[in-house]
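Chain by chain, the residues:
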Amino acid sequence: MTRGDSDFSKLAVRQGMCHQNIYFSHHLMIGCLKFPKKEPINAVVPQCLHKIIFGPLLEKPSPSLDDHNVSLSMQEHLLVHHPMLEGVLLSECVRLKQHSLTKKLISLFQQFSGTEIRLKLVWLCWYDLMLGNDLTDWIESLKFKSEPEIIVWINNRQAENEALTSAMDEYVTFACRTVVAL
């Protein structure tokens with residue numbers, strides 16, 4: 001997996017879509033996502049976010065990428081239209097048959113296209129899925145919030161975890177060629 005995500009990152013850097021220091025954020029690993037009222041399921045997750053949530057030491061080894069419980073077939077059309085971690089998140093949601101969440105996320109990403117809000121929403125969704133947090137905001141209410149309301153929501157969520165905020169801000173800095181104040 002590391003080779004594939006590095007190749008994608010190299011292409012993005014070469015095309016001027018993001019800064020070369022974004023590589024760290026694009027290292028992927030097998031971790032778990034936790035959907036409400038369901039058992040945790042193996043999924044591809046950002047390695048740096050996994051370390052933020054669970055710490056640098058893994059008690060048990062992660063399943064190998066050859067594990068038959070994890071299909072690495074990505075949704076190419078999602079990766080084309082939703083670059084970087086956004087496409088991986090959407091592809092995993094489709095693979096895990098979370099169609100309602102996928103549709104809501106695509107709608108949110110389109111609503112905030114070209115802004116750092118979009119990038120921060122990607123990180124916060126990964127965060128909630130990895131922790132098994134309630135998805136009501138994602139599925140029911142975020143789409144109806146105005147931009148100022150979303151900014152307040154993001155700021156409140158960032159206040160929950162300083163390391164997450166730092167990683168998100170670094171990602172936004174390196175991912176965007178244009179600067180949009182949030």
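Heads up: the structure comes first, above all this text.
Residues numbered from 1 in each chain as written. Predicted model: local features only at pLDDT ≥ 70, side-chain atom pairs only at ≥ 80, totals over all residues. Heavy atoms only, no water.

**Section: the environment of T173**
Here T173 is to be found in helix α9 (residues 162–175). Looking at T173, the relative accessible area reads 55%, which means it is exposed. C-alpha of T173 to C-alpha of E116: the two residues are 57 residues apart in sequence and 8.9 Å apart in space. (Helix = DSSP H or I, 4+ residues; strand = E, 2+ residues; numbered from the N terminus. Buried < 20%, exposed > 50% of the residue type's maximum accessible area, 1.4 Å probe, protein only.)

**Digging into the packing of aromatic side chains**
Taken as a whole and judged by the stated rule, the model has 1 aromatic pair. On the numbers, 5.3 Å between centres and 90° between planes, the contact of W138 with W153 is edge-to-face. Here the residue W138 occupies a position in helix α7 (residues 136–141), and W153 occupies one in helix α8 (residues 147–158), the gap between them amounting to 15 residues. Each member of the pair, W138 together with W153, is buried. (Phe/Tyr/Trp six-rings, centres within 6.5 Å; stacked < 30°, edge-to-face > 60°.)

**Section: the pairing of strand β1 (residues 28–33)**
Judged by how many residues are buried, β1 sits mostly within the fold: 5 of 6 residues are covered. Two elements, β1 and strand β2 (residues 41–46), share 6 bridges in a ladder whose sense is antiparallel. Residue G31 lies in a different strand from β2, and its bridge partner there is A43. (Pairing = 2+ DSSP bridges.)

**Considerations on the nonpolar core**
Among the nonpolar cores identified, the biggest contains 46 residues, and L121 and W138 are the most heavily contacted of them. When residues of this core are traced back to their parent elements, those giving at least two are β1, β2, α2 (47–54), α4 (84–95), α5 (99–111), α6 (116–131), α8 and α9. The element contributing the most residues to this core is α6, with 11 residues. Filtering out sequence-adjacent residues up to four positions away, W138 remains in contact with L101, K104, L105, L108, L121, L124, C125, D128 and W153. (Core = buried A, V, L, I, M, F, W, Y, C linked by side-chain atoms within 4.5 Å. Contact = heavy atoms within 4.5 Å.)

**Let's talk about the packing of α6 against α8**
Across the interface, α6 lies against α8 with an axial gap of 11 Å and an inter-helix angle of 45°. Put simply, α6 runs oblique to α8. Remark: the crossing between α6 and α8 carries left-handed chirality. Listed contacts from α8 to I117, K120, L121, L124, Y127 and D128 of α6 are E147, I150, I151, W153, I154, R157 and Q158. Looking at the contact of α6 with α8 residue by residue, the classes come out as 8 nonpolar, 1 polar and 4 charged. (Axes fitted to C-alpha atoms, helices over the stretch in contact; angles between N-to-C directions. Parallel < 35°, antiparallel > 145°, perpendicular 65-115°, else oblique. Left-handed = near helix turned anticlockwise from the far one by under 90°. Nonpolar A, V, L, I, M, F, W, Y, C, P; charged D, E, K, R; others polar.)

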